[in-house]
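Examination of the molecular architecture
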Amino acid sequence: MAFNCKLCSMNVAMSLQVSDAKSGGTLPISLCEHCGLVQQTSIPLEDELKVYYSHHYRQDYKNTYSPKLKHVRRAGLVAIERINFLNENLNAPRKLKLLDIGAGGGEFVYLSGKSGFNSCGIEPNKGYSDYAKEEYGIDVKTQMLDELSSGSADIVTIFHVFEHMAKPEAAMKKIAEILTDDGLLFVEVPNILTKNSSPHNIFFKAHLFYYSQSSLVSAASQYFDPVKIESGYNLRILFKKKKQFLSAPVFPESHDVTFTKQRISEKGWLEYLFVGEGIFKPFKKITQIITEKRIKSISPKELLDNLVALGFPDR
């Protein structure tokens, strides 16, 4: 079957047969041998994706149409990490207009607002966007990316959403249009090169793309320059909007592609357990479960407010 990479459009790919971490079924994956992007071999149509993310995704992956308190706590802790990352790397005054794409239950929008940003968000799932508005009194609209207007944000954040987008170049172009001049984009995606993922928990039907540092920087390169990169279990990259856009992406060097191929072939249980420290994860999971069972019957807003005092540095 002919395959054209969704980043570089080249018809050069190495096929991989992997298992969907949710269903256990076979999931055809391809690794582009020109740019190194790992991607599903057959990408669903955009209309199909809109229906899926509006109605089914949250139910499939969280087993709920709105967040539970344990989800609020997890999202709150991660939101505080992300806000601290932003604060450490910003040389700009507060009250910047921040737009969170794929805002979920609104935890990041709420907490970043408390940290001093002028925050709002969009979320395609009505159950989650309504939850955000009702529980936190914040501005989270039930919208998709293509519905946003130009020049509407100083900072765009997009956490574990970009890997779900069927057209990476088009998404980056739209985000660049949304941003003001010198605007910032903060992206977080799973890191396909990490040694910390269980072999049974890497590939998902809902993840259309699997980014490395080099392929994510390449996907953004027409419109953005990287400012700060954290490469671990997840990739966190803060980008700055280019003064002048390029006519085409800057693709990774051949050694980056070779390294991606090598890392994909190395993934396995021994690496995960003893290099990625997966052997300790069951104990961490038990601790998490115990902590979450102790959550009192409080409102989601109170739960997040209780986390704030522990999470924000003095500023």
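Structure: above.
Read on for a plain summary of the structure. (Residues numbered from 1 in each chain as written. Predicted model: local features only at pLDDT ≥ 70, side-chain atom pairs only at ≥ 80, totals over all residues. Heavy atoms only, no water.)

Quick look at the pattern of salt bridges now. Across all of its chains, the model carries 14 salt bridges by this definition. One salt bridge connects Asp-130 with Lys-126, and the closest N-O pair in it is separated by 2.6 Å. Of this pair, Asp-130 and Lys-126 are both found in helix H5 (residues 126-136), four residues apart, which corresponds to roughly one turn of the helix. Among the ionic pairs, Asp-139 bridges to Lys-141, the shortest N-O distance being 3.0 Å. Each of Glu-81, Arg-82, Glu-188, Glu-230 and Arg-236 takes part in a single network of salt bridges with overlapping partners. (Salt bridge = Lys/Arg side-chain N within 4 Å of Asp/Glu carboxyl O. Helix = DSSP H or I, 4+ residues; strand = E, 2+ residues; numbered from the N terminus.)

Our focus in this paragraph is the side chain of Glu-163. You can see Glu-163 is positioned in the loop between strand S7 (153-159) and helix H6 (168-178). No salt bridge is formed by the buried Glu-163, whose closest oppositely charged neighbour, Arg-82, lies at an N-O distance of 8.6 Å. Filtering out sequence-adjacent residues up to four positions away, Glu-163 remains in contact with Glu-188, Val-189, Pro-190, Ala-206, His-207, Leu-208, Phe-209 and Tyr-211. (Buried < 20%, exposed > 50% of the residue type's maximum accessible area, 1.4 Å probe, protein only. Lys, Arg positive; Asp, Glu negative; His and termini not counted. Contact = heavy atoms within 4.5 Å.)

Attention shifts here to a positive patch on the surface. There is a patch of like positive charges on the surface, built from Lys-68, Lys-70, Lys-285 and Lys-293. One can find Lys-285 in helix H10 (residues 281-293). (Patch = residues over 30% accessible without salt bridge, like charges linked within 9 Å, V, L, I, M, F, W, Y side chains within 5 Å. Areas by Shrake-Rupley, 256 points an atom, 1.4 Å probe, with all protein chains shown as cover. Charge placed at Lys NZ, Arg CZ, Asp CG, Glu CD.)

As a further point, take the nonpolar core. Grouped together as the largest cluster of nonpolar side chains are 46 residues, with contacts concentrated most on Ile-101, Phe-162, Leu-185 and Phe-224. The set of elements that each furnish at least two residues to this core consists of helix H1 (46-55), strand S4 (97-101), strand S5 (118-122), S7, H6, strand S8 (179-190), helix H7 (213-220) and strand S11 (234-241). If one sorts the elements of this core by residue count, H6 sits on top with five residues. In this structure Ile-101 touches Ile-122, Leu-145, Val-156, Thr-157, Ile-158, Phe-159, Val-161, Met-165 and Ile-175, once residues within four positions along its chain are discounted. (Core = buried A, V, L, I, M, F, W, Y, C linked by side-chain atoms within 4.5 Å.)

Function cannot be inferred from these measures alone, as they are strictly geometric.
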